[in-house]
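# Working through the structure, step by step
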Amino acid sequence: MTGRIIKIINKKLMLQNFIFSFKEFLKIKNLPEDKKQYIFYAETNNDWPFLDPVIYELSKKKNIIRVTSDKNDKYINDNNTYYIGKGSIRTIFFRTLKTKAFIMTLTDLGSYYLKKSIYPTQYFYIFHSIVSTHRAYNEKAFDNYDNIFCVGEHHKLEIKTREKIFKLKPKKLFNHGYGKLDKLIHDLKYQSQEKKNNLEKKTVLIAPTWGESSIVKSSIKRLIQNLSNTEFNLILRFHPMTYVNDLSTIEFLKKEFRENKKISFDEDKNSNKSYLESDIMISDWSGAAFEFAFATERPVIFIDTKPKTNNKNWRKLNLPCAEDQIREEIGIIIAESNFDNLGSILNEMIHHKEKWSEKISKSRNRLVFNLGKSGFIASEKILQLTQDEL
């Protein structure tokens, strides 16, 4: 009986969601043309930190609208934000889109059910990670975009190489940068210096990736146990997808270590507080490791799990992956079997913070375009490319 009631409730919620997204879709369709010439799409609320720097600059000169598939989107009550869900309404919206510029950080456009519009539209991709394009992503993740705002020279080289090898239509590639990093650096600069410089309480931020490459799948409990009796405070910050795919593991860890007052869980993805408070990060293949290191100039210990690989043909490009090289520039790599000396390794790295700061800043400045200016750069390029459209 209970199962039947749950099914009825779920069907009712699905119907309500469909009706709401359909009404929002009609609102977009009925907007005047000049109000929907620049559209930003977010599949989840977590996409906005990568898009917001561009929105901030572009909205100074043009009307923009936000379109989201997240019912809990932080902007959902804004007048210029519309909800289209993740079902058939979204599919129709994508196919019938009529705008000057459609900007998003969603990969695999055109590869599955989200196809390009039947109307002429300029598509712009903004990266949500610093890592290379040819191993961590699906093989055709970027093939159908018109314009790509690259984080660094590695992205341009990888995409051009793929185009040459597979005889693909060349895309317009731009020296962009990384908006989320710009925002992190800005926020950390203006937050409490007292907390930033307080080294009496040493804090370790544990921030794994998600999926099969994550320590969540293997050694997370053993890692926490190893550090739980040391002098370090531990903050655990999981990837949003871990809450979808491995929520039971997170709940188990909360229960297992609930009595330890030095262990906390950061579940506010819109906050930089844990970055500010932490002296060092422990990660695996998470893009958050590069954001943390490049924003704070503090080092990372990488647990050497198997690399995140979503393209089995990545070696055809005969190019290294930036994340392999960067890890050795911004931290050290240790095996999952080598946790015994972790406490002393952490203390040693924190003690040499000035050396790490210098090394990390050099790596960042070499790798990332237009530090602090990426939002303005992208906004100007979008305006330039769309001035003769429609």
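See the structure shown above.
Residues numbered from 1 in each chain as written. Predicted model: local features only at pLDDT ≥ 70, side-chain atom pairs only at ≥ 80, totals over all residues. Heavy atoms only, no water.

The next point concerns the sheet that holds strand β9 (residues 233–236). Taken in spatial order, the 6 strands make up an open sheet running β10-β9-β8-β11-β12-β13, and their pairing is parallel. The open sheet has two edge strands with one neighbour each: β10 (263–265) and β13 (331–334). Strand-to-strand twist in this sheet, taken as the mean axis angle between neighbours without regard to direction, amounts to 20°. As defined by bridge partners, strand β8 (residues 203–206) adjoins strand β11 (residues 280–283) across 3 bridges and the pair is classed as parallel. Bridging across to β11, I206 finds its partner in I282. (Pairing = 2+ DSSP bridges. Helix = DSSP H or I, 4+ residues; strand = E, 2+ residues; numbered from the N terminus. Axes fitted to C-alpha atoms, helices over the stretch in contact; angles between N-to-C directions.)

Before going further, it helps to spend a moment on the pairing of strand β5 (residues 122–126). Buried residues dominate β5, accounting for 5 of its 5 residues. Of the two faces of β5, the one holding Q122, F124 and I126 and the one holding Y123 and Y125 are both buried throughout. Two elements, strand β4 (residues 101–104) and β5, share 4 bridges in a ladder whose sense is parallel. Paired with F102 across the bridge in β5 is Y123. Both β5 and strand β6 (residues 147–150) contribute to a ladder of 3 bridges, which runs parallel. Note on β6: the bridge partner recorded for I126 is F149. (Buried < 20%, exposed > 50% of the residue type's maximum accessible area, 1.4 Å probe, protein only.)

One can find Q122 in strand β5. Separated by 148 residues in the primary sequence, Q122 and N270 have C-alpha atoms spaced 29 Å apart. Here the side chain of Q122 touches N147 through a polar contact of 2.9 Å, side chain to side chain. Only 3.2 Å separates the side chain of Q122 from the backbone oxygen of L385, close enough to count as a polar contact. (Polar contact = N/O pair within 3.5 Å; in protein donor to acceptor, adjacent residues only side chain to side chain.)

In this fold, S228 is placed in helix α7 (residues 220–228). In this structure S228 touches L234, N260, K262 and I263, once residues within four positions along its chain are discounted. (Contact = heavy atoms within 4.5 Å.)

Another point: the packing of helix α11 (residues 287–296) against helix α12 (residues 322–330). Viewed as axis vectors pointing N to C, α11 and α12 meet at an angle of 40°, and their least axial separation amounts to 11 Å. Judged by the angle between their axes, α11 and α12 are oblique. Judged by the sense of rotation from one axis to the other, the crossing of α11 with α12 is left-handed. Contacts between α11 and α12 involve A289, F290, A293 and F294 on the former and, on the latter, E323, I326, R327 and I330. By residue class, the composition of the contact of α11 with α12 is 6 nonpolar, no polar and 2 charged. (Parallel < 35°, antiparallel > 145°, perpendicular 65-115°, else oblique. Left-handed = near helix turned anticlockwise from the far one by under 90°. Nonpolar A, V, L, I, M, F, W, Y, C, P; charged D, E, K, R; others polar.)

With that settled, consider unusual backbone geometry. Trans peptide bonds make up the majority, and among non-glycine residues the majority have a negative phi. The phi angle at N318 is positive, at roughly 55°, despite the residue not being glycine. Turning to its location among the elements, N318 is positioned in the loop between β12 (300–303) and α12. Even without glycine at this site, N370 takes up a positive phi of about 45°. Examined against the element boundaries, N370 turns out to sit in the loop between α14 (353–367) and α15 (374–386). For N370, a relative accessible area of 23% puts it in the partly exposed group.

To continue, consider the pairing of β13. The pairing of β12 with β13 spans 4 bridges and is parallel. Note that in β13 the partner of I303 across the bridge is I334. One crossover worth recording links β12 to the parallel β13 by way of α12, and it is right-handed. (Right-handed = clockwise from strand over helix to strand, strands pointing away.)

It is worth spelling out the nonpolar core at this point. F93, I282, F294 and I301 are the most contacted members of the largest nonpolar core, which has 88 residues in total. Broken down by element, this core gets its largest block of residues, 7 residues, from α11. Non-local contacts of I301, meaning those with residues more than four positions away in its chain, are made with I280, M281, I282, S283, I332, I334, L342, I345, L346 and M349. By size, the runner-up hydrophobic cluster in this structure holds 20 residues, among which are Y38, F40, A42 and V54. (Core = buried A, V, L, I, M, F, W, Y, C linked by side-chain atoms within 4.5 Å.)

Each pair of aromatic rings is reported with the distance of its centres and the angle of its planes. Taken as a whole, this structure holds 20 aromatic pairs when the rule is applied. Ring centres 6.4 Å apart and planes at 5° place the aromatic pair F18 and F22 in the stacked group. Of the two residues, F18 and F22 both sit in helix α1 (residues 2–29), 4 residues apart, roughly one turn of that helix. Residue F18 is classed as partly exposed on the basis of its relative accessible area, which comes to 39%. Aromatic side chains F290 and F302 sit 6.1 Å apart centroid to centroid with 35° between the ring planes, which places their arrangement in the tilted category. Here F290, found in helix α11, pairs with F302, found in strand β12; they are 12 residues apart in sequence, far enough to count as distant. Taking the relative accessible area as the measure of exposure, F290 reaches 1% and is therefore buried. Overall, F302 belongs to the buried group, its relative accessible area being 0%. (Phe/Tyr/Trp six-rings, centres within 6.5 Å; stacked < 30°, edge-to-face > 60°.)

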